[in-house]
Amino acid sequence: MLYFIVHNNTLVVFKRNLEEDKLILQSKVKFHHSLSSTIYDPKLLSNVIAQSLDELNEKIVLENQEASIVINDELLSHSLVISSEKDDIKLAEKIKNELQIKWKDLFSNYLYAAESRKSSKKFIHVVEINHYLKEKIKLNFNNFGIDIKALVPLSSVILAHTKTTQYGVVKSLKNYLIFNYARKGFSFFKATYGGRKKTFNKIIGLNDLQKISEGTLKKSNSKYLLFSDLDVVKILSQLIDASSPILNFINPVGIQIIDGSAYKRKRTFTKQKKETNFFNYLRNIVAAFLTLILVVFFFGLSTKQI
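The rules we used
- Each chain carries its own residue numbering, running from 1 in the written order of its sequence.
- Selection of residues for local features in this predicted model requires a pLDDT of at least 70, selection of side-chain atom pairs for listing and counting requires 80 or more, and totals for whole chains, interfaces and linings are taken over all residues.
- Heavy atoms throughout the structure, all of them, feed into the side-chain values; hydrogens and water do not.
- A helix here means a DSSP run of H or I that spans at least four residues, while a strand means a run of E at least two residues long, and both kinds are numbered starting from the N terminus.
- Contacts are assigned to residue pairs that have any heavy atoms within 4.5 Å of one another.
- Here the term buried applies to any residue with accessible area under 20% of the maximum for its type, exposed to any over 50%, and partly exposed to those in between, with areas from a 1.4 Å probe on protein chains only.
- In this analysis, strands are considered paired if DSSP registers two or more bridges between them.
- Fitting a line to C-alpha atoms yields each axis, with helices limited to the stretch in contact; the angle taken between N-to-C directions then spans 0 to 180 degrees.

### Here's the deal with the environment of Phe4
Part 1 of the reasoning: Mapped onto the elements, Phe4 comes out in strand E1 (residues 2-6).
Part 2 of the reasoning: Remark: the alpha-carbon pair of Phe4 and Asp229, spanning 225 residues in sequence, is separated by 9.4 Å.
Part 3 of the reasoning: Residue contacts for Phe4: discarding those within four places in its chain leaves Leu11, Val12, Val13, Leu53, Leu56, Leu62, Ala67, Ser68, Ile69, Val70, Phe141 and Ile146.

Written as structure tokens, this is what we have:
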């Protein structure tokens, strides 16, 4: 299994070292254009992704590999839908209607996934990914012989490892991305400290957060947890092994609504268990025994005829 992180400007890939049973950085390549600047140019977007994979392919083997991909939230859009609907169909309709109002003529350009956590049943978190971005990632990875098992928002991985009283933090070039999922649902903040412009903005959320110093975010503490790329893929690996519910644009797990269709919890792909191997061996032994009986039977018939 390969683990990729798609940032706006770079593509990072990790692989598990089976001997030491740990994830190791394999390579990191820079996109020739930022993905955000090419999203509405499908041909250029596809070329940018293909070139990065071609560079990676010179360093590591990509063909016949399975992959889980994390995508940076700077390339995604988020929405909050407040609803008391318990029926999945009605909830799906409400989400679709609100997104249609939000995106208007651009609605068809986006694929969306929604989730509802126990901590905030009325506040439905929706993540939207540009259709071209999702399809060009899938197409080019498949062209290099990679089977994509997961395409997951960066925020979803981080928030699976934080409490409602904590904030997950990621450094993305000059920006700090700050995420939280509390009683009032999902919150996303972006802070910039480099250069002349120092900004602190709330991207979305019902919770407020006062401006934080860069020094507070640079090092993990009990309230603000700073995650590296390695931290992210480690958490994702654990979530996949346990088939834990997480937003996934490829293989939905848990109660999710993907483009208006409701998905219930289901297991997708996990490490093969020893019990499974035992039953496979038993099945093969039984099959071999039955084959031997048939061979002896037909050999006996042929002998009699002679």
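Having seen the model, we can carry on.
### Points about the pairing of strand E4 (residues 65-71)
Part 1 of the reasoning: With 6 of 7 residues buried, E4 is to be regarded as a mostly interior element.
Part 2 of the reasoning: Of the pairings in the sheet, the one linking E1 to E4 comprises 5 bridges and is parallel in character. If you follow Leu2 over to E4, its bridge partner there is Ala67.
Part 3 of the reasoning: Across 7 bridges, E4 lies against strand E8 (residues 146-153) in parallel orientation. Each bridged residue has a counterpart across the sheet, and for Ile71 the counterpart in E8 is Pro153.

### Let's talk about the sheet that holds E1
Part 1 of the reasoning: A sheet is described by the order of its strands in space; here 5 strands give the open sequence E3-E2-E1-E4-E8, paired in mixed fashion. Pairing within the sheet leaves two strands with one partner each, and these edge strands are strand E3 (22-30) and E8. For this sheet, the mean inter-axis angle between neighbouring strands, taken without regard to orientation, is 20 degrees.
Part 2 of the reasoning: For strand E2 (residues 10-17) and E3, the ladder comprises 8 bridges, and the chain directions are antiparallel. Directly across from Leu11, in E3, lies its bridge partner Val29.
Part 3 of the reasoning: On top of the sheet, helix H6 (residues 229-241) reaches E1, E2, E3, E4 and E8; it is set at about 130 degrees to E1, its chief contact.

### Here's the deal with the sheet that holds strand E9 (residues 167-172)
Part 1 of the reasoning: With respect to topology, 5 strands assemble into an open sheet ordered E12-E11-E10-E9-E13, the strand pairing being mixed. Of all strands in the sheet, those with a lone pairing partner are strand E12 (199-204) and strand E13 (224-227), marking the two edges. Within the sheet, the average angular offset between the axes of one strand and its neighbour, ignoring direction, is 25 degrees.
Part 2 of the reasoning: Pairing of strand E10 (residues 175-182) with strand E11 (residues 185-192) involves 8 bridges; the strand directions are antiparallel. Its bridge partner lying in E11, Tyr176 is registered against Ala191.

### Notes on the pairing of E9
Part 1 of the reasoning: The buried fraction of E9 is high, at 5 of 6 residues.
Part 2 of the reasoning: The pairing of E9 with E13 spans 4 bridges and is parallel. Counted as the bridge partner of Val170 is Phe227 from E13.
Part 3 of the reasoning: With 5 bridges connecting them, E9 and E10 associate as antiparallel partners. In the strand pairing of E10, Val170 is matched with Leu177.

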